[in-house]
There are 4 protein chains.
Amino acid sequence: MLRAAVIGASGYAGAELVRILTGHSRVSLSVVTSRQYAGVAYDSIYPALSGVVGLNCDDNDPATVCDNSDVVFLALPHKVSMGMVPALLDAGKRVVDLSADFRFKSRDAYEAHYQPHSCAHLMERSVYGLCERYGSQVVSADLIGNPGCYPTSVLLPLLPLIEEKLVDPATIIADCKSGVSGAGRGASQTTHFCHVNESFKAYKVGGHRHTPEIEEQLSRCAGVPVKITFVPHLVPMTRGMESTVYATLSPGVDDGRIRQCLESAYRGTPFIRLMPRGRFPDTLHVRGTNFCDIGWVVDPGSGRLILMSVIDNLVKGAAGQAVQNMNLMFGFDETTGLDGVAYPL
Amino acid sequence: MLRAAVIGASGYAGAELVRILTGHSRVSLSVVTSRQYAGVAYDSIYPALSGVVGLNCDDNDPATVCDNSDVVFLALPHKVSMGMVPALLDAGKRVVDLSADFRFKSRDAYEAHYQPHSCAHLMERSVYGLCERYGSQVVSADLIGNPGCYPTSVLLPLLPLIEEKLVDPATIIADCKSGVSGAGRGASQTTHFCHVNESFKAYKVGGHRHTPEIEEQLSRCAGVPVKITFVPHLVPMTRGMESTVYATLSPGVDDGRIRQCLESAYRGTPFIRLMPRGRFPDTLHVRGTNFCDIGWVVDPGSGRLILMSVIDNLVKGAAGQAVQNMNLMFGFDETTGLDGVAYPL
Amino acid sequence: MLRAAVIGASGYAGAELVRILTGHSRVSLSVVTSRQYAGVAYDSIYPALSGVVGLNCDDNDPATVCDNSDVVFLALPHKVSMGMVPALLDAGKRVVDLSADFRFKSRDAYEAHYQPHSCAHLMERSVYGLCERYGSQVVSADLIGNPGCYPTSVLLPLLPLIEEKLVDPATIIADCKSGVSGAGRGASQTTHFCHVNESFKAYKVGGHRHTPEIEEQLSRCAGVPVKITFVPHLVPMTRGMESTVYATLSPGVDDGRIRQCLESAYRGTPFIRLMPRGRFPDTLHVRGTNFCDIGWVVDPGSGRLILMSVIDNLVKGAAGQAVQNMNLMFGFDETTGLDGVAYPL
Amino acid sequence: MLRAAVIGASGYAGAELVRILTGHSRVSLSVVTSRQYAGVAYDSIYPALSGVVGLNCDDNDPATVCDNSDVVFLALPHKVSMGMVPALLDAGKRVVDLSADFRFKSRDAYEAHYQPHSCAHLMERSVYGLCERYGSQVVSADLIGNPGCYPTSVLLPLLPLIEEKLVDPATIIADCKSGVSGAGRGASQTTHFCHVNESFKAYKVGGHRHTPEIEEQLSRCAGVPVKITFVPHLVPMTRGMESTVYATLSPGVDDGRIRQCLESAYRGTPFIRLMPRGRFPDTLHVRGTNFCDIGWVVDPGSGRLILMSVIDNLVKGAAGQAVQNMNLMFGFDETTGLDGVAYPL
């Protein structure tokens, strides 16, 4: 059994890693850490796991972590993560980092939107863990920058079309909606039930830090710099993310060509489900799973392409994709631990 | 006191009309009708109104309605409405119709998306009841086509900008989100709690009948035919509608020019609230009110304009705007009956 | 116009007072205070009130409050309230206190469950503001201890039956359920959307401080000491409170006698609605209103009486009842400012 | 692999059976039936299962079912079920029936609350499938009457205490709360999102058909006829059930004795989790699992025992317990297919 550590296990992404790894047939969850809850029984933080997870939280001590793990998942805030990664790599651990610290190739882009990078030499070594696109590099990576939730939901429907030049990359607009778990476990007015219930709103309009992450990936794929318009919204639900993405079709491209491209790109991938014509994806149908469901319409009036994708922001948008990366890195079947059947409701 | 009748009072828009008119100081609610509930006490359908509304439902009989009312609100399905309107007008009643039957000037557009029109000669006579734009015509109208909820939320932020040619009308994309009450009172899988809760999804993509209504109004304002891309989504909440609208700015237009235009257009209007820079509208803040809150950002990356508006789909998107039209028609203060203070939460 | 001050206006009860008083025809809201938000525009805390409430928050300074108000509502935490009340009374103000500090007659009971009382001599002078029972004393009071939400919902159905000795006071069990706004505006894990959504649970079982408040009132009415079993639960909704109360009927008492008693007790009261046989109260039907709906069944199997009541915890359970008290104190119609029509949905 | 059929697979309990059986390592789901959806791909009814469940719905034909299954789950309405069971038993199938038709031993009790029984001779042969209590009989049964959701949640905490005579069976009151999925998949005003959201209410007070089911089991255990008071309530959430049960302690019984009794009764059972002192169960923590969490308090004021239990009404309250019964019947580990880790949130 591979020994896995989850660093920052008290947050939502960490908790979801704990859930998935606990049910993973090739992995033994050996360490969970939390600075806030060091010494505390993990199931007292998440009573749903009572009788299932018996570990106590350790402090975030790299030495302890290294002694007791083969693979390390970091579910830490940006900046904290890059402080730990070098020691883990030096100790020969393979690392999946869920923060933004190792998602960028461009140090300038990272530093413009986050902060100075303390180990920029590792940025190039890291692999952007969007498995359906970079799976072949993931296999041999020792450091994964696990994609953000919004980037995952926007890139999966778009990248194949950009690559085949079926849409004009200058026209991309991503209108995205996330459940509240995306805001994390911290209590605030933003996450107070009474402020979320019966509320729908855009936030961080024109300034969300997932924009440069999406743009770097689109630019890499398009071969030219791409700027997009991206607006995130908050939905009164716990889990789920929907992205409706708009783009102008290249001349001569029609609905059939779009289907052909997406089917070809995702043939054989276990987690992408393309919707039949006339059906649109629903966050409820991917809740708790690693699926990304994709639908689309060529708008009869304007001729624009309308792409829709849904994921569970905590699974394919975070912990599930992280485990999918681990599966690829260690040669397990890609779906191991990720094949739980979705709740029908 | 003006005597008001609500035809089709058992549906949600009808019920909201009943609520508002019951609290209106210049109006006496004299007739409520429902084919399904004829003879039934109205408060047995909506027990919230027990002890407040004492009427029984009548059948939809035009003669009875005419004998007992001065103004008639029709909250009927499309097509049923146009069957009743001529008799009401012949009897000298002033009519506010909440269906789509009298919203269009173009018979072709109406018939292409609905059905043959049985009294097309009234289409021109009717006034499109978007009060902030057509208020001066509403004053003397005897037939109002009360705007759809999506059109209201999309047109209010856009029309002043279109009129002053600040945005390119060929680039408009409206990504809209509605609470479940927009689907009406009918029970179906779509409105079942277990299918809505934790669900977010687009629906009727590329085919919603509010598209031609929005396009006719935009075209009228722009002076050229306008086609837009419009995608409605369903949000797990009862009331509320948010529209995020994207458009390319005309050359030389900046954020300040947008503010100037909107402030000028809506100065002195009681129901439009423009958000300060950096604040974005939230459906929770207009719940139960006739307000439309509007915010915007010029996207720093792409340069596109991002407009956001929120309304309560049942109030400014239906019953509230209908009462606002009546207020204008009868010379009441525009806010009479619509000045209830919003719940802070 | 009577000038009213709301002290502690940033909390939920305070905000609801602001909403109701803003729509009150006999009152001018003259002062709102908040230590946390002193100097801040009130509508920036509650944007729903933008354009409606133009006040800035003052600090909680008694002198300023006294200079600018005739009646003072205190929506402060327990203990803070009793520090301000003497100065307000000395200045001749009439005071409605929403904390627990002046609800008790028994100093021992108060101090056993809260803390030492700093002005115990005022406890006897204060009137317990359950209007339907103590209205005649409220009229001439200068200090009201506004009832807790749970006590209001439990006492209204029970007191008339206790008084007429129709139930055995030793057998009372109150199983109560509250929306999340009852937990207040403070952000915590308890009020985090992701912990409330899809969650139902009991809390503070055997130890909630509303127990002694209910027991003092029941004992006063029964003429003997009464102990009850009271269990509060948290419901995933913003507003609303339901209490299901169980008691053994006195010998010979039947359903008809219960109806007779409640109808007699509440004849002519504007806010109590007794349900017809076979209908049960629903929190949705009192949302935003000062109503208390009461239903009951004599259980065919066990013969026990099952009483059900619903209120909006923020209105009849807090701010609405406080305004009702003020109306009585100043000779206004009891329903002034409280006659807003409920939303049908 | 054991071949399993789910009859009535389009309802919620049926769908949950499909979910659980699809992930069951010893079972192959071979047949799903639905009269309404005969011939339809199952995953078009429940798109969450797209790519996971490949079956089409058959009609409810016993011969087809018998040819293709070893064990049959019936998720049919009451009465329909008893029409199919004899044929299945005659064909040698083992049957788990989720309707009420085979839960009762007393024909009189069944017929008083349901309808005439068409195969009453099978009522005695059937085993009441409350696994923690009747597991030893389940092992050899060929017909299981799978318990109702409310009975499961009420009986699990109560039965050990009744058996050891720690509480007075004449004093039992069960105040129970259920998520909306308990009302089934049928669309109605009751399940309409807009009527459930922000609503909490009691229903079927004094007349719910789970009362006689609970009473038969309690009577059997107590050795004397037991009548209880049972009130179900509807909670605005999809899944989950909480029961707060009140009873008078027998003389001399204290909190320690209650703990001892429950710990002894449930030692070694995999699905009962007893809460530590001062912690109360929460439906969120058992969502999607077969757990029943039980907590309790001896009320310091009244001395009454307050028991609280939570289950997922669709899992331990229906499909999960049905699979647990199957596991026992076929000698599988009791937790097979039921060991999915709960979502931490």
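By the naming in an unreviewed UniProt entry, chain A is N-acetyl-gamma-glutamyl-phosphate reductase, taken from Desulfosarcina alkanivorans. As its UniProt record puts it under Pathway (unreviewed entry), chain A is described as follows: "Amino-acid biosynthesis; L-arginine biosynthesis; N(2)-acetyl-L-ornithine from L-glutamate: step 3/4." Comment text from UniProt for chain A, heading Subcellular location (unreviewed entry), reads "Cytoplasm".

Once that is clear, we can look at the overall build of chain A. What chain A contains, in helices and strands, is 12 helices and 14 strands. On the principal axes, the C-alpha backbone points of chain A span a range of 60 × 45 × 35 Å. The burial tally for chain A puts 66% of its 345 residues in the buried class. Accessible area for chain A stands at about 10500 Å²; split by element, carbon and sulfur atoms hold 49% of it. Of the side chains in chain A, 30 bear a positive and 34 a negative charge, and the two mean positions are spaced by 1 Å.

Each partner contributes to the interface: chain D provides 30 residues, whereas chain A provides 30 residues. For the pair chain D and chain A, the summed buried surface comes to about 2800 Å²; carbon and sulfur atoms form 65% of the total. Contact with chain A buries area across many residues of chain D, yet D:Tyr343, D:Pro344 and D:Leu345 alone supply 27% of it, more than any other trio. Viewed at the interface, chain A and chain D are joined by 0 salt bridges. Where chain D touches chain A, the interface holds 8 residue pairs in polar contact (both at pLDDT 80 or more).

Attention shifts here to the packing of helix 8 (residues 149-163) of chain A against helix 10 (residues 210-222) of chain A. Each pair of packed helices gets described by two things: the angle between the helix axes and the distance between those axes. Residues and elements named next belong to chain A. Two elements in contact, helix 8 and helix 10, have axes separated by 10 Å at closest approach and are oriented at 20°. When the interaxial angle is binned, helix 8 and helix 10 end up roughly parallel. Handedness of the helix 8/helix 10 crossing: right-handed. Of the residues in helix 10, those touching helix 8 at Cys149, Tyr150, Pro151, Val154, Leu155, Leu158, Leu159, Ile162 and Glu163 are His210, Glu213, Ile214, Gln217, Leu218, Cys221 and Ala222. Of the residues contributing to the contact of helix 8 with helix 10, the split by class is 12 nonpolar, 2 polar and 2 charged.

When chain C is brought onto chain D, the operation consists of a screw motion whose angular component is 180° and whose axial shift is 0.0 Å, with 0.0 Å RMSD remaining. The superposition of one copy onto the other is thereby described by a two-fold rotation axis.

All names here are of chain C. The strand order across the open sheet built from 7 strands is 3-2-1-4-5-7-6, with neighbouring strands paired in parallel fashion. Looking along the sheet, the strands with just one partner apiece sit at the ends: strand 3 (57-58) and strand 6 (127-128). In terms of strand pairing, strand 1 (residues 2-7) meets strand 2 (residues 27-33) through 6 bridges, oriented parallel. Paired with leucine 2 across the strands is valine 27, a residue of strand 2.

This part is about the pairing of strand 1 of chain C. Residues and elements named next belong to chain C. Counting buried residues in strand 1 gives 5 out of 6 residues, a clear majority hidden from the surface. With helix 1 (residues 12-22) bridging strand 1 and the parallel strand 2, this β-α-β connection has right-handed handedness. Where strand 1 meets strand 4 (residues 71-74), 4 bridges bridge the pair, whose relative direction is parallel. Counted as the bridge partner of alanine 5 is valine 72 from strand 4.

By a widely used convention, the size of an interface equals the accessible area lost when the partners come together. Counting residues at the interface gives 47 residues for chain C and 47 residues for chain D. With both sides pooled, the region where chain C packs onto chain D buries about 3600 Å², and carbon together with sulfur makes up 59% of that total. In terms of surface lost to chain D, no three residues of chain C exceed C:Glu198, C:Phe200 and C:Arg304, which account for 20% of the buried area on that side. Taken together, the links from chain C to chain D amount to 6 salt bridges. The interface formed by chain C and chain D holds 30 residue pairs in polar contact (both at pLDDT 80 or more) in total.

Residues and elements named next belong to chain A. Here the domain parsing of chain A yields domain 1 (2-125) and domain 2 (150-313). The distance between the C-alpha centroids of domain 1 and domain 2 comes to 27 Å. Residue-level contacts link 15 residues of domain 1 with 12 residues of domain 2. Summed over the three residues of domain 1 that lose the most area to domain 2, namely Tyr12, Arg103 and His113, the buried surface amounts to 40% of that side. For the pair domain 1 and domain 2, the interface holds 2 salt bridges. Our count for the domain 1 to domain 2 interface comes out at 9 residue pairs in polar contact (both at pLDDT 80 or more). Taken together, the elements giving at least two residues each to the side of domain 1 that touches domain 2 come down to helix 1 (12-22) and helix 5 (107-113). A total of 3 residues in the side of domain 1 that touches domain 2 trace back to one element, the largest contributor, which is helix 1. Tallied by class, the residues present in the side of domain 1 that touches domain 2 amount to 7 nonpolar, 4 polar and 4 charged.

Rules used in this analysis
Numbers given for residues are sequential positions, taken from 1 along each chain in its written order. For this description, chains carry letters from A and ligands carry numbers from 1, given in the order in which they are written. At least 70 in pLDDT is required for a residue's local features to be given in this predicted model, at least 80 for side-chain atom pairs to be given and counted, and no such filter applies to totals for whole chains, interfaces and linings, which use all residues. Based on all heavy atoms of the structure, the side-chain values leave hydrogens and waters out of the count. UniProt positions are given in the numbering used here, feature names are shortened, and annotations may be inferred rather than shown by experiment. Strands here are runs of E lasting at least two residues and helices are runs of H or I lasting at least four, both read from the DSSP assignment and numbered beginning at the N terminus. Between buried and exposed lies partly exposed: a residue is buried under 20% and exposed over 50% of the maximum accessible area for its type, with that area taken using a 1.4 Å probe on protein chains only. Per-residue accessibility takes into account occlusion by the displayed protein chains alone, with areas from the Shrake-Rupley method and a 1.4 Å probe. Positive residues here are Lys and Arg, negative ones are Asp and Glu, while His and the chain termini are left out of the count. Throughout, a charge is located at the NZ atom of Lys, the CZ atom of Arg, the CG atom of Asp or the CD atom of Glu. Contacts are assigned to residue pairs with any non-hydrogen atoms lying within 4.5 Å of each other. The quantity reported as buried area is the accessible area (1.4 Å probe) lost by two parts once they are put together, taken as the sum for both. Just to be clear on terms, a salt bridge is a Lys or Arg side-chain nitrogen sitting within 4 Å of an Asp or Glu carboxyl oxygen. Whenever two N or O atoms come within 3.5 Å, that pair is a polar contact, provided that in protein one can donate a hydrogen and the other can accept it, and provided that, for residues adjacent in sequence, both atoms are side-chain atoms. For helices, the fitted line uses only the C-alpha atoms of the stretch in contact; every axis is such a line through C-alpha atoms, and the angle between N-to-C directions lies from 0 to 180 degrees. Angle categories are assigned with fixed cut-offs, so that under 35 degrees is roughly parallel, over 145 is roughly antiparallel, 65 to 115 is roughly perpendicular, and the rest are oblique. We call a crossing left-handed when the near helix sits turned anticlockwise from the far one by less than a right angle, and right-handed when that turn is clockwise. Residues are sorted three ways: Asp, Glu, Lys and Arg are charged, Ala, Val, Leu, Ile, Met, Phe, Trp, Tyr, Cys and Pro are nonpolar, and all the rest, Gly among them, are polar. To line up the copies, we fit them by least squares on C-alpha atoms, keeping just the residues with pLDDT of at least 70 in both. Note on pairing: DSSP must find at least two bridges between two strands before they are called paired. With the strands aimed away from the viewer, a crossover counts as right-handed if its path from the first strand over the helix to the second runs clockwise. Note: domain ranges come from an automatic or database domain assignment.

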